[in-house]
Amino acid sequence: MASADPKSDLRRALRAKRRALTATEQRRASARLAANLSRMRLFRVSRRIAAYLPNDGEIDPGDILERAWRMKKKVYLPVLSRLRHDRLWFAEASPGMELRPNRFGIPEPVVKASALVRAGELDLVLLPLVAFDERGNRIGMGGGFYDKSLAFLRYRTLLTKPHVIGLAHDFQRVDRLPVDPWDVRLAGVVTDEGVYTARS
Ligand SMILES: Nc1nc2c(c(=O)[nH]1)N(C=O)[C@@H](CNc1ccc(C(=O)N[C@@H](CCC(=O)O)C(=O)O)cc1)CN2
Ligand SMILES: Nc1ncnc2c1ncn2[C@@H]1O[C@H](COP(=O)(O)OP(=O)(O)OP(=O)(O)O)[C@@H](O)[C@H]1O
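Residues numbered from 1 in each chain as written. Chains lettered and ligands numbered in written order. Predicted model: local features only at pLDDT ≥ 70, side-chain atom pairs only at ≥ 80, totals over all residues.

### Thoughts on the overall build of the protein
Looking only at helices and strands, the protein features 5 helices and 11 strands. For 200 residues, the compact-globule estimate of 2.2 N^0.38 gives 16 Å, and the protein sits close to it at 16 Å. If one aligns the C-alpha atoms of the protein with their principal axes, the spans along those axes are about 45 × 35 × 35 Å. For the protein, the residues scored as buried account for 33% of the 200 residues in total. (Helix = DSSP H or I, 4+ residues; strand = E, 2+ residues; numbered from the N terminus. Rg over C-alpha atoms; globule rule 2.2 N^0.38 Å. Buried ≥ 20, exposed ≤ 12 C-beta atoms within 10 Å, placed from the backbone.)

Here's what the structure looks like:
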């Protein structure tokens, strides 16, 4: 059924499409994604990199995490704030560390509050998305978590950290997305098929 929010129909359709991928398709996409990202200078020079654990058919950054650890980079995963329910913090992750599902069922590192860092302490945030366009606009799951946690970037220059790159299956690209005032623009999007660098 069509709804009043143009974003929600698109969300539903693309989420269903990515959930329908087989495990084999997901593994192939993950390997291609890692190959495409590791060719980027931004990835090579970044020391502290946040990614995510895949949920709902999202493209799997697992191969990227492995590569980053081999390159002696620090890898971070998002943790929902227990105090402010709409904010993300980031915890350094290591292979095989203890994880516990958050309220959406997505596993999170189990760390003490003092070990959590804010987005501004990272060099590169690789974030999940539901749809993107080539101008660097995205829509996510609808919680506004990343938009709120990265809102400070909208008032700063292009040189401000972290750099924000979206990760997606190539079929999640759409012609043009509606832009809301709070949306944080991506520097680019990397997919299983290639790299889209946003030009303003
Ligand atoms: N892998 C991954 N981790 C992430 C995010 C993400 O999008 N992907 N997030 C990015 O923000 C944060 C969590 N935000 C999320 C927001 C909504 C749903 C979700 O599945 N919503 C369900 C309703 C679930 C419920 O209410 O219990 C839905 O819309 O069907 C999941 C994660 C932090 N970690
Ligand atoms: N910086 C902000 N300050 C206050 N509210 C915000 C901010 N960013 C987003 N929101 C609110 O969050 C809600 C969800 O926004 P939106 O639909 O754009 O999320 P999304 O981009 O799909 O989610 P996410 O960022 O978690 O991937 C909106 O109702 C919006 O009002």
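### What about the site of ligand 2?
The local shell around ligand 2 holds 14 residues, among which Gly140, Gly144, Tyr146, Asp147 and Trp182 are the closest. With 4 residues, helix α5 (residues 145-149) is the largest single contributor of residues to the shell around ligand 2. Taken together, the residues of the shell around ligand 2 sort by class into 6 nonpolar, 4 polar and 4 charged. (Near = placed C-beta within 6 Å. Nonpolar A, V, L, I, M, F, W, Y, C, P; charged D, E, K, R; others polar.)

### Concerning the site of ligand 1
Not every one of the 16 residues close to ligand 1 is listed here, only the nearest: Asn55, Phe104, Met141, Gly143 and Phe145. When the residues that make up the shell around ligand 1 are grouped by side-chain class, the tally is 11 nonpolar, 3 polar and 2 charged.

### Observations concerning the pairing of strand β2 (residues 74-80)
Burial runs high along β2: 5 of the 7 residues are buried. In this fold, the crossover linking strand β1 (residues 48-50) to β2 by way of helix α4 (residues 62-70) has right-handed handedness. Taken together, the 6 bridges between β2 and strand β3 (residues 88-93) define a ladder with antiparallel strand orientation. What sits directly across from Val75, in β3, is Ala93. (Right-handed = clockwise from strand over helix to strand, strands pointing away. Pairing = 2+ DSSP bridges.)

### Brief notes about the sheet that holds β2
If you walk across this open sheet you meet the 7 strands as β3-β2-β1-β6-β9-β10-β11, and the pairing is mixed. Each edge of the sheet is formed by a strand with only one pairing partner; in this case those strands are β3 and β11 (195-197). Each neighbouring strand pair of the sheet contributes to a mean axis angle of 25°, computed without reference to strand direction. Judged from the 3 bridges that link them, strand β10 (residues 188-191) and β11 form a sheet pairing that is antiparallel. Each bridged residue has a counterpart across the sheet, and for Gly188 the counterpart in β11 is Thr197. Seen against the sheet, helix α2 (residues 23-38) touches β9 (163-168), β10 and β11 and runs at an angle of roughly 140° to β10. (Axes fitted to C-alpha atoms, helices over the stretch in contact; angles between N-to-C directions. Contact = placed C-beta atoms within 7 Å.)

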